[in-house]
Every structure is written in C-alpha cells, then in structure tokens.
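# Fold and geometry: a report
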Amino acid sequence: MTTTVYVPRDSAALAVGADRVARQIEAEAIARKVDVRIVRNGSRGLFWLETLVEVATPEGRVAYGPVTRADVAGLFDASFLSGGAHALNLGLTDEIPYLKKQERLTFMRMGMTDPVSVADYEAHEGFAGLRRALTLAPAEIVQQVLDSGLRGRGGAAFPAGIKWKTVLAAQAPQKYIVCNADEGDSGTFSDRMTMEGDPLMLVEGMAIAGIATGATEGYIYVRSEYPHAIATLNEAIRHAEQAGFLGDDILGSGHRFRLTVRKAAGAYVCGEETALLESLEGRRGIVRAKPPLPALQGLFGQPTVINNVITLASVPIILSRGADFYKNYGMGRSRGTLPFQLAGNIRQGGLVEKAFGLTLRELLYDFGGGSASGRPIKAVQVGGPLGAYVPEAQWDLPLDYEAYAAVGAVVGHGGIVVHDDTADMSQLARYAMEFCAIESCGKCTPCRIGSTRGVEVIDKITSNQNRPQQVILLRDLCDTMLHGSLCAMGGMTPYPVLSAINHYPEDFGIEAPDRFAA
Ligand SMILES: Cc1cc2nc3c(=O)[nH]c(=O)nc-3n(C[C@H](O)[C@H](O)[C@H](O)COP(=O)(O)O)c2cc1C
Ligand code: SF4
C-alpha cells in the first residue's frame, strides 16, 4: 500500500530544511522498503510548526511538526505513516485550533494540494469559478464582483468591481490585466504563499478578469526576491495552458487569455501601481501622475486592470459560490475575508484568514499566543511600513477599513508586525522616515526632501536639541508630506511617525502628549 506524505515546498518551509526532510523521508522509506508517495504541497501557514509534515490516513491527514531531518528515522519507528504517536504528532491537521478557528475562503486549498497539479486543483473546486464565468456575459461577471463587495487587498481598498467596470467600458484595441505581486510590505507573505502554494487560483482569477473586461493579455509582476514563487507560477501557467484553461481558445469558448510572469525591479516603490507600469514597460520605476487612471490608460497606454494577488485570487470563489456567499462574511463596507499575516515578535507567526471584524487582540493572543520573547507586547504595526503603530488601547477595534481609518490607522494588505516592550518607538519612527528616504522615487519634494529632513528632526528630538520646537517642526513636516505628496509613499510615511509620537511620547522624551497630538 502506498502512503501519501505531504512535505511543503513553500519558502518558509524550505528555509527551515523542508527539502532535507523530504529527501530523508524518501531515503528512509527506501531503506525500510515501504511505499511512500511524497507530495510537495503549499504551506498551511503555521510557520512555527514548519517543517509541517502530514500523512494521509483513513481518518484524515495527521500532522507532525516541526520536523527536522534528524526526526525522520524516529517518526518511521513510531509508525507515523499510519498516524502513530510521537512527540511531534499534532493530531488531525484540520483539528489544530489555529487552523480550525479560521475562515479559509481564499485560502481554502492552501497546503492541501499539489500547487502545480491541475487535476488536484480541479478536485478541490478549482476552475469552477472560471467555468461559471464562461456561462455569463462580461457585464454579469463584473456585477458579481461588484455585488460581492470585494475591495483591493493591496492596500488602498478600492472596490475591484468598479475598476473592472471601467476597463470593460473602455474601447481599445488591447486591454491588460496586471497582477501586483511585488509584496513589499514588511511582515507580509500572503501573496507569496498564494503563488507558491495555490498559483492556479491566481491564474483562474486573472483569466476571469480577462474575460470580464475584454483583456487578452495578463502580466504578473513578482517581487524579485521570490524565486520559488516565479518558478512555481511558470510551472502552473504551463500546466493550465496544456489543460486549456489559458490560451487562444479557453475551454473552446472562443475567449483568449495569455499570462506572462515578470520579475520585479527590487524597489518598494515599484509596488505602487503606476511605478509598476513604468517598470513593466522597461523604464525606471517612477510614479506617474493621475489622471489618467490606469483603468483608462495603463500598460502601454491601454486600459488596464491592476489588482493585488489576493484581490484576484478572491475572485474564483466569488464566481463559484456566488457574490452573496462571499458578501455574508465581514462587516460594514469591509466584505469577505482577509488573510492576515502575523509576524515580528510573535510566538505563533503565520497566516490567519478570517472575516473582517475580528480584533487585533484576538489575532495577537488567540492565534499568535503572545510575544515570542514572552515580554509584554507594546506596539503593533498594521498594514506594512506605511501603517500606523497601534497601541493596546486600540486592540479591541474591529479590523475593518473604516474603523481603522477613523483612528488614523490602516488595515492595508493585512500585515501585522509585533514589537514587545523593549522597542524604542522614536527609533521606529526614525526608521519610517529613513525607509521613505531610501525608497522614495524622488519625483516630488515633500517625500524626497521631507523624509531626509524627518530623520534629522527626529534625531534632534531624541538628543534633546530644542525638543519642543523640533516636535512642532516634525508635525508640520508630516502635515506637508501627508497633503503634498504625489503618492502614498510620502503621503503615508507620517502614519507610523505620528502614531509613534502620539501614543508613545515618553520614547521621544516628551512627558505628556503635546498640544497638537491627535
Ligand atoms: C509605495 C507603494 C508601494 C505599494 N506596494 C504594493 C505592493 O507591493 N503590492 C500591492 O498589491 N500593492 C501595492 N501598492 C498599492 C498599489 O499602488 C495599488 O493600489 C494596488 O496594486 C491596486 O490593487 P488592489 O486594488 O487589488 O489592491 C503600493 C502602493 C504604494 C504607494
Ligand atoms: S510620494 Fe515619494 S514615491 Fe511617491 S511620487 Fe512622490 S517622491 Fe515618488
């Protein structure tokens, strides 16, 4: 009898030796003359348990982790191929509380399938959304996306359906779908997990976007630091083409859609959609002024949908199960789910997909298990390097775009970076300005010059050179950057800076919040 063993091929697992574990299982199986089929799946997103090895048993998959090469012989001795008892036995994978408590819609297959197998994908609801889309008129597909309430998951939370509707209505000889897979935000990895663990879902979402808007060409602009994602995507695209889900005549429908993967330029600002287009066209990544909107004049001057990986990957389930199904998750104007990413100083880092409306406290303690250092958590940066530091007083707010905006914070791409009480918030504020100075595209003055001046002013505050005046100057500078920058790079750098000084004034040597504090 052949036993199926799953060993992730996700970068997070590879980083802790998953390849070595897979090779050792193979060698051990040969030596013991047992028949084992190893499937290199995506990660379940429970990173502290990687390498998480799963074994298919009649009762379901049994998980073992974290497994190292040195554990493999002992696992065989403990009959792990039939789910035997062992110190690393975690029980049925589906019963692990971290997974069981989640609402995995977009990530429903994550870690379950062979990422590049079309057959495995189809056996788990794959391509059901595309098949349904092929029975609808383009405007009906767009209406489904509009009705689902799906908003862009890349940061700005703009309704995806409105963008699609604009591109559908535009008249042009060529239209494009561009997937923003630059994933530059600190502490984020949901795009990478998708591309490495369930890339066909992105392929399907993009094909649906193409059919819905009349675009026949698609590009995926992938962060250059993601070689595994690039390789896996290319393999998945090849298999989808062979199976007729991409190409000149998708499943005999007459619709054409082709996909190309492009390696990004390696700059944070190239994740900004217009800089991304410049880069994709072969130029330096400099932000374009808007208008014209990319939906009307985007890639090579043609109407272009630009969406984040998770936005596009959320589309198949919306089409397969219907807009109402998706919309029933979430709260207010934040519909559906978000794959939150827990990182930084946290005991149980990983991927948590939940409907909008849960709180940061739930994520930090019910899922994350508190800080990795065991010290009290002091500050949590939500939404990447341009997101605010959220203090404990706000940890019970629902994670919802509007609720966060109301306190000067952002949900963004759902990245959550945790700091314990040893963090010096003045240094984190300084880092935000320094990051902006390094990553600025240089097109506008508030960002290019303001960020460098910001570092200097924070240094003067922390070294107590004319501190009260320098605090006023920093606020003034942040105001100029907020309102005078061309894009969110300069426009949002004040978020981490102001939240740090407002919520943690003592770290700046300020006794009490100054009179300008929000
Ligand atoms: C400096 C900067 C970096 C950005 N980086 C990314 C990124 O890495 N990935 C992403 O999806 N969006 C990023 N964005 C947001 C994009 O400009 C754009 O809003 C997004 O691609 C639109 O897709 P969505 O509507 O599906 O979110 C960035 C924005 C700025 C200002
Ligand atoms: S805000 Fe910064 S990154 Fe954005 S256009 Fe201006 S200089 Fe470039």
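Judged by how many residues are buried, strand S6 (residues 176-181) sits mostly within the fold: 6 of 6 residues are covered. The side-chain alternation of S6 yields two buried faces, one formed by Tyr176, Val178 and Asn180 and the other by Ile177, Cys179 and Ala181. Pairing of S6 with strand S7 (residues 217-222) involves 6 bridges; the strand directions are parallel. Its bridge partner being in S7, Ala181 is matched across the sheet by Val222. In this sheet, strand S9 (residues 304-308) lies alongside S6 in parallel orientation, the contact comprising 5 bridges. Paired with Val178 across the two strands is Ile306, which belongs to S9.

Once that is clear, we can look at unusual backbone geometry. Geometrically, the link from Glu50 to Thr51 is a cis peptide bond, its omega value of 5° lying close to zero. With respect to the secondary-structure elements, Thr51 resides in the loop between strand S2 (36-39) and strand S3 (53-57). Here the bond from Lys290 into Pro291 is cis, since omega is 0°, no more than 30 degrees from zero. Along the chain, Pro291 turns up in the loop between helix H12 (273-280) and S9. One non-glycine residue with positive phi stands out, namely Phe127, at about 65°. Summarising the element assignment, Phe127 is placed in the loop between helix H5 (118-123) and helix H6 (128-133). Backbone geometry at Asn466 places phi at a positive 60°, although glycine is not the residue there. Here Asn466 shows up in the loop between helix H19 (445-462) and helix H20 (467-484).

Further remarks concern the site of ligand 2. Close to ligand 2 lie 13 residues, the nearest being Cys441, Lys443, Cys444, Cys447 and Cys487. Among the residues making up the shell around ligand 2, the classes are represented as 8 nonpolar, 4 polar and 1 charged.

Take helix H7 (residues 138-148) next. For an α-helix the count is 3.6 residues per turn, leaving residues at separations of three or four pointing the same way. The complete set of buried residues in H7 reads Ile141, Val142, Gln144, Val145 and Ser148. The arc that holds the buried residues of H7, viewed along the axis, is 150°, so those residues lie on one side. Structurally, H7 contributes buried residues whose contacts are with H6, helix H8 (160-169), helix H10 (199-213), helix H14 (315-321), helix H15 (323-327) and strand S11 (334-335). Looking one or two residues beyond H7, the residue adopting positive phi is Gly149, at roughly 80°.

The next subject is the site of ligand 1. Around ligand 1 sit 19 residues, and of these Gly154, Asn180, Asn307, Asn308 and Thr311 come closest. Within the backbone of Arg153, a nitrogen or oxygen atom sits 3.4 Å from an oxygen atom of ligand 1. The backbone of Gly154 places a nitrogen or oxygen atom 2.7 Å from an oxygen atom of ligand 1. Contact with the protein chains covers 92% of the free accessible surface of ligand 1, which is 610 Å². Of the pockets mapped on this structure, ligand 1 occupies the largest pocket.

Strand order across the open sheet formed by 4 strands is S8-S7-S6-S9, with parallel pairing between neighbours. One side of each edge strand has no neighbouring strand; the edge strands of this open sheet are strand S8 (258-263) and S9. Across this sheet, the average inter-strand angle for adjacent strands is 20°, counted without regard to direction. For S7 and S8, the ladder comprises 6 bridges, and the chain directions are parallel. Counterpart to Gly218 in the pairing with S8 is Leu259.

It is the contact of helix H18 (residues 425-439) with H19, at a shortest axis distance of 8 Å, that shows an interaxial angle of 160°. Viewed along their axes, H18 and H19 adopt a mutual orientation that is roughly antiparallel. The handedness of the crossing between H18 and H19 comes out as left-handed. Here Ser426, Gln427, Ala429, Arg430, Met433, Glu434, Cys436 and Ala437 of H18 lie close against H19, whose contacting residues are Cys447, Gly450, Ser451, Thr452, Gly454, Val455, Ile458, Asp459 and Thr462. Split into classes, the residues belonging to the contact of H18 with H19 amount to 7 nonpolar, 7 polar and 3 charged.

Definitions and cut-offs
- Residues numbered from 1 in each chain as written.
- Chains lettered and ligands numbered in written order.
- Predicted model: local features only at pLDDT ≥ 70, side-chain atom pairs only at ≥ 80, totals over all residues.
- Heavy atoms only, no water.
- Buried < 20%, exposed > 50% of the residue type's maximum accessible area, 1.4 Å probe, protein only.
- Helix = DSSP H or I, 4+ residues; strand = E, 2+ residues; numbered from the N terminus.
- Pairing = 2+ DSSP bridges.
- Near = heavy atom within 4 Å.
- Nonpolar A, V, L, I, M, F, W, Y, C, P; charged D, E, K, R; others polar.
- Arc of directions from axis to C-beta.
- Contact = heavy atoms within 4.5 Å.
- Polar contact = N/O pair within 3.5 Å; in protein donor to acceptor, adjacent residues only side chain to side chain.
- Areas by Shrake-Rupley, 256 points an atom, 1.4 Å probe, with all protein chains shown as cover.
- 1 Å grid on protein atoms, 1.4 Å probe; cavity = no way out; pocket = protein on both sides within 12 Å on 5 of 7 lines; lining within 4 Å.
- Sits in = over half its atoms within 2 Å of the grid points.
- Axes fitted to C-alpha atoms, helices over the stretch in contact; angles between N-to-C directions.
- Parallel < 35°, antiparallel > 145°, perpendicular 65-115°, else oblique.
- Left-handed = near helix turned anticlockwise from the far one by under 90°.

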